[in-house]
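Each chain, letter by letter, is given below.
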Amino acid sequence: MGKAERSRAPRHGIRALSEAAPSPRRAAQGVDALRHGWPIHLDGGPVLQPIETCYDDAIASETLLISASRAGTLKLANQRDAAIPGEPVLLRGAERFSRDAALAVADPALDLAHPMKGPFKALPHDDWADQARAALDLARIAGILPAFLVAPEGAEPPVALTLADARAYADPANLIVASRARLPVEAFENAEIVAFRSPADTREHVALILGQRRSDTPPLVRLHSECLTGDVLGSLKCDCGPQLDAALHAMADEAKGRGWGVLLYMRQEGRGIGLVNKLRAYALQDQGHDTVDANTRLGLPDEARDFPTAARILGLLRVPSIRLMTNNPAKVAALEAEGVTVTERVPHALPDNPHNARYLATKRDRAGHLLP
């Protein structure tokens, strides 16, 4: 056996980056670190070890960082330092958190197996609140549970980045046109596909253009978030697959007349929470939670789609005004806030089925979608 390593100090291996220029590359390395279970350090805050992907059972910490919604599920909202909606929560338990104890706090799939948690005390962290927010957002981008061991003992040296790095990662101004080609599709044989790429983010968004561009006619546009289960596997739990198919055929009808259409296919599975977390939400729905409450129990937002990037794509395509296919007035408002002119909201409601009726009702009743 090799020589045992002693516990490291909380700031072991940290390099000061406050003087450095913003680097999407460092942010990409931070996201990659979270997926692999390596700690990160946002300049000005403590070392943060992602809980879900931590595989070292020797790591322990006095405190955890979790999201406000997860703190609410853990009944902490009555404490002053956990009572601000949407703000990260730093908590301490009666004992030090081992990796397994931390995972029981972070993962709602373990709530039934570990119903008795705590007592927990919410702690102030005003001096690194911005770093806490950025870390939870990077965890969402990485597709892992937004929860960290704080200043853990025994952790590896962290990947260092700054708040400016984290902001640069998601900056839509970095998006460029990567490639374009003719793509005949079932709905319309004379379509063009355009791919978009940014320096840090490995997700590649695409736009499908149906018909001839007309400067005097705003295109019919559908902003469609990637849904592997619905678009590819034919899942009946959502309406994504039928919506995608119906949108393409509606755009084809426009193109056969005097109009045209643009489908934005955004790589933001699960409305921006990632495939694994979306499946976790499905499992919670099977326990009786609706889609909003499932995301809350996961500590994730119900709405995390990247509207600035969608607006950037439309800008790169030189499409200043659109007719938007959506049942969601908030989507119209989000795009208009990014400078896109929406001349018309085109309804896009489809029949429900026994598996997605509650999902659609939740969209209507809790998310404000205009559905029957």
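The notes below deal with the structure included here. As the structure is a computational prediction, the values presented were derived from the model and not from experiment. (Residues numbered from 1 in each chain as written. Predicted model: local features only at pLDDT ≥ 70, side-chain atom pairs only at ≥ 80, totals over all residues. Heavy atoms only, no water.)

On to the side chain of H41. Topologically, H41 is positioned in strand β1 (residues 40-42). A relative accessible area of 1% places H41 in the buried class. In this structure the side chain of H41 is engaged in a polar contact, spanning 2.7 Å, whose partner is the backbone oxygen of G45. (Helix = DSSP H or I, 4+ residues; strand = E, 2+ residues; numbered from the N terminus. Buried < 20%, exposed > 50% of the residue type's maximum accessible area, 1.4 Å probe, protein only. Polar contact = N/O pair within 3.5 Å; in protein donor to acceptor, adjacent residues only side chain to side chain.)

Attention now moves to the environment of N277. With respect to the secondary-structure elements, N277 resides in helix α9 (residues 275-286). According to the relative accessible area criterion, N277 is buried, its value standing at 0%. Between the C-alpha atom of N277 and that of H205, which follows or precedes it by 72 residues, the distance is 20 Å. A polar contact of 3.4 Å, which involves the side chain of N277, links it to the backbone oxygen of I144.

With that settled, the discussion passes to helix α1 (residues 24-36). Between its terminal C-alpha atoms α1 stretches 18 Å, which fits the 18 Å expected from 13 residues at 1.5 Å a residue. Turning to α1, its buried residues number three or more, namely R26, A27, G30, V31, A33 and L34. The buried residues of α1 all sit within an arc of 155° when viewed along its axis, so they share a single face. Summarising the contacts, the buried residues of α1 are in contact with β1, β2 (47-50), α4 (129-142), β6 (147-150), β7 (159-161) and α5 (163-169). Positive phi shows up at G37, right after α1, with a value of about 85°. (Expected span 1.5 Å × (residues − 1). Arc of directions from axis to C-beta. Contact = heavy atoms within 4.5 Å.)

In this section: the packing of aromatic side chains. Tallied over the full model, the rule gives one aromatic pair. With centroids separated by 6.1 Å and ring planes inclined at 35°, the aromatic side chains of F97 and F120 adopt a geometry described as tilted. Of the two residues, F97 sits in strand β4 (residues 89-98) while F120 sits in strand β5 (residues 120-123), which places them 23 residues apart along the sequence. Pair check on accessibility: F97 and F120 agree, each one buried. Here the basic side chain of K237 rests over the ring of Y282, its NZ or CZ set 4.9 Å away from the ring centre. (Phe/Tyr/Trp six-rings, centres within 6.5 Å; stacked < 30°, edge-to-face > 60°. Lys NZ or Arg CZ within 6 Å of the ring centre and 35° of its normal.)

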